[in-house]
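So the chains spell out like this:
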Amino acid sequence: MINDNEVIETLDELEAFLRLVESGSLALDNAAGVALATNNANGRPFVAVLDDNQQLVLGRWVTNEVFENGKDMVRYGLKKPH
């Protein structure tokens, strides 16, 4: 499910979203991983929360800048807060 009204526009917003996913604050059932992807129909980039079967649980659109510059953040995870 991708909410068309919500677009992650900065790396700080991406980090905040990832922290919500990691902490369980979004109450997603069976969330197992996060990935950056593009929509097959229109090429629009988004961040995807996936379940154990690699199925989309939740998605948020991201800007092209966040897509290009947030790859390591999604791939390697966030640094632990101090």
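The structure we're discussing is the one just above.
Reading the values: rules and limits
- Residues numbered from 1 in each chain as written.
- Predicted model: local features only at pLDDT ≥ 70, side-chain atom pairs only at ≥ 80, totals over all residues.
- Heavy atoms only, no water.
- Salt bridge = Lys/Arg side-chain N within 4 Å of Asp/Glu carboxyl O.
- Helix = DSSP H or I, 4+ residues; strand = E, 2+ residues; numbered from the N terminus.
- Buried < 20%, exposed > 50% of the residue type's maximum accessible area, 1.4 Å probe, protein only.
- Pairing = 2+ DSSP bridges.
- Lys, Arg positive; Asp, Glu negative; His and termini not counted.
- Contact = heavy atoms within 4.5 Å.
- Phe/Tyr/Trp six-rings, centres within 6.5 Å; stacked < 30°, edge-to-face > 60°.
- Lys NZ or Arg CZ within 6 Å of the ring centre and 35° of its normal.

A look at the pattern of salt bridges
- Within this structure, the stated rule accounts for four salt bridges.
- Note that Glu 15 and Arg 19 form a salt bridge whose closest N and O atoms lie 2.9 Å from each other. One end of the pair, Glu 15, and the other, Arg 19, are both in helix H1 (residues 11-23), four residues apart, so they sit about a helical turn from each other.
- Taking the shortest distance from any N to any O, the salt bridge between Glu 68 and Lys 71 comes out at 3.5 Å.

Focus: the pairing of strand S3 (residues 45-51)
- Burial analysis of S3 places seven of its seven residues in the buried class, the great majority of the element.
- On S3, burial covers both faces: Pro 45, Val 47, Val 49 and Asp 51 on one face and Phe 46, Ala 48 and Leu 50 on the other are all buried.
- Bridge analysis of strand S2 (residues 31-38) against S3 gives seven bridges, and the strand direction is antiparallel. What sits directly across from Thr 38, in S3, is Pro 45.
- As consecutive antiparallel partners, S2 and S3 are separated by six residues, and within that stretch Gly 43 has a phi angle of approximately 75 degrees, a positive value.
- Of the strand pairs in this sheet, S3 and strand S4 (residues 56-62) are connected by five bridges, and their pairing is antiparallel. Considered in S4, the bridge of Ala 48 is made with Gly 59.
- Linkage of S3 to S4, two consecutive antiparallel strands, is achieved through a turn of four residues, within which Gln 54 is found at a positive phi near 65 degrees.

Re the side chain of Asp 51
- With respect to the helices and strands, the residue Asp 51 is situated in strand S3.
- Among buried charged residues, Asp 51 stands out as having no salt bridge; its nearest opposite-charge side chain is Arg 60, 16 Å away.
- Setting aside its immediate chain neighbours within four residues, Asp 51 contacts Asn 30, Ala 32 and Val 57.

A word on the packing of aromatic side chains
- Taken as a whole and judged by the stated rule, the model has one aromatic pair.
- Look at Phe 46 and Trp 61: their rings are 5.9 Å apart centre to centre, the planes differ by 80 degrees, and that puts the pair in the edge-to-face class. One end of the pair, Phe 46, is in strand S3; the other, Trp 61, is in strand S4, and 15 residues separate them in sequence. For the residue pair Phe 46 and Trp 61, the accessibility class agrees, reading buried in each case.
- Directly above the ring of Trp 61 sits Arg 44, whose terminal nitrogen or CZ lies 4.2 Å from the centroid.

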